[in-house]
Amino acid sequence: MESASLLSIRNVSNVYTDRRHGIFGKIEEKPVLNKINLEIEKGEIFGLTGKSGCGKSTLARCILGLIDYDGEIFICGEKNAGTEVIQMVFQDPGASLNPVKKIGWLMEEPLVIHRKNNAKERSQAVDEMLLRVGLDPSYKTRGVHELSGGQKQRVCIGRALILKPHLLIADEAISSLDVSAGAQILNLFRELHESFSLDILFISHNKDAVDYLCTRKAVMDKGEIKEI
Ligand SMILES: Nc1ncnc2c1ncn2[C@@H]1O[C@H](COP(=O)(O)OP(=O)(O)OP(=O)(O)O)[C@@H](O)[C@H]1O
Ligand SMILES: [Mg+2]
């Protein structure tokens, strides 16, 4: 039997209900995704670009199972594969990290939530992951406010990867960073892809970044996808 695609999106449509005109007002249905079909194979960094508001983040939310949609999404051949196999990093790393916690705690948290390993193994996994994302393990005892934007994004990437997902979705992951920190994160993604076979769905306005990083590219326009 042919092995399943990493991600298979079939005929996915999504509509937002708009109650802008008050609870007694007319409810408007706003179509966002229009019968999207997309296959992403293992070994790819897939770039998705397109104008603001075209539906890129909405598609990411559908893949993660955070919102309802029509159609089907399979991850490694499975429906409802759960959040453990896909992880996401967002635009604003500062907002994704609880500011009162130390970096070590934040990195360990996904393992604690999913009841993985004992305390010693978790601590070792955190050390390894910090090194993997380019931070010294001594960062464990630092607070979030002591890190630069790029370093915070490295922590977010580490937190996402510590559960060993099949796919990382990076949604505008470099948009809040300056050019040099953004370029370093792109290089980190490439290194993680090459050394640890991490597959990535890279969503970005930044066409240059998509051209630099991605093995295959598509553009979304008004809820439809076209490969470029
Ligand atoms: N919760 C919501 N309720 C209603 N409409 C929404 C909601 N979230 C997004 N939308 C609308 O859906 C459309 C697609 O939004 P989405 O966030 O997916 O775009 P995007 O391509 O990620 O844009 P950007 O590049 O700015 O991040 C937009 O018109 C947006 O206004
Ligand atoms: Mg978006």
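Residues numbered from 1 in each chain as written. Chains lettered and ligands numbered in written order. Predicted model: local features only at pLDDT ≥ 70, side-chain atom pairs only at ≥ 80, totals over all residues.

Novice: When you look at the pairing of strand E3 (residues 45-50) in this model, what are you seeing that I'm missing?
Specialist: When a strand is regular, its side chains alternate between the sheet's two faces. Most of E3 sits inside the fold, with six of its six residues counted as buried. Burial along E3 is two-sided: Ile45, Gly47 and Thr49 facing one way and Phe46, Leu48 and Gly50 facing the other are all buried. Two elements, E3 and strand E7 (residues 199-203), share four bridges in a ladder whose sense is parallel. Note that in E7 the partner of Gly47 across the bridge is Phe202. Examined bridge by bridge, E3 and strand E8 (residues 216-221) share five bridges and lie parallel to one another. Each residue of the ladder has a partner; that of Thr49, found in E8, is Val219. (Buried ≥ 20, exposed ≤ 12 C-beta atoms within 10 Å, placed from the backbone. Helix = DSSP H or I, 4+ residues; strand = E, 2+ residues; numbered from the N terminus. Pairing = 2+ DSSP bridges.)

Novice: How should the site of ligand 1 be read in this particular structure?
Specialist: As a structural note, the neighbourhood of ligand 1 is formed by 13 residues, with Tyr16, Ser52, Lys56, Ser57 and Thr58 the closest of them. Contributing elements (two or more residues each) for the shell around ligand 1: strand E1 (7-18), strand E2 (28-40) and helix H1 (56-63). Here the shell around ligand 1 takes three residues from H1, the largest share from any one element. Among the residues making up the shell around ligand 1, the classes are represented as three nonpolar, seven polar and three charged. (Near = placed C-beta within 6 Å. Nonpolar A, V, L, I, M, F, W, Y, C, P; charged D, E, K, R; others polar.)

Novice: Explain the sheet that holds E8 here, please?
Specialist: Hydrogen bonding along the main chain pairs the strands of a sheet, whether they run parallel or antiparallel. Reading across the sheet, the six strands line up as E5-E6-E7-E3-E8-E9 and stay open at both edges, with mixed pairing between neighbours. Only two strands of the sheet have a single partner each, and these edge strands are strand E5 (86-89) and strand E9 (224-227). With strand direction ignored, the average angle separating the axes of adjacent strands in the sheet is 20°. Of the strands in this sheet, E3, E5, strand E6 (167-171), E7 and E8 touch H1, which is tilted by about 150° from E6. Each of E5 and E6 is contacted by helix H5 (residues 149-161), which is oriented at about 170° to E5, the strand it contacts most. (Axes fitted to C-alpha atoms, helices over the stretch in contact; angles between N-to-C directions. Contact = placed C-beta atoms within 7 Å.)

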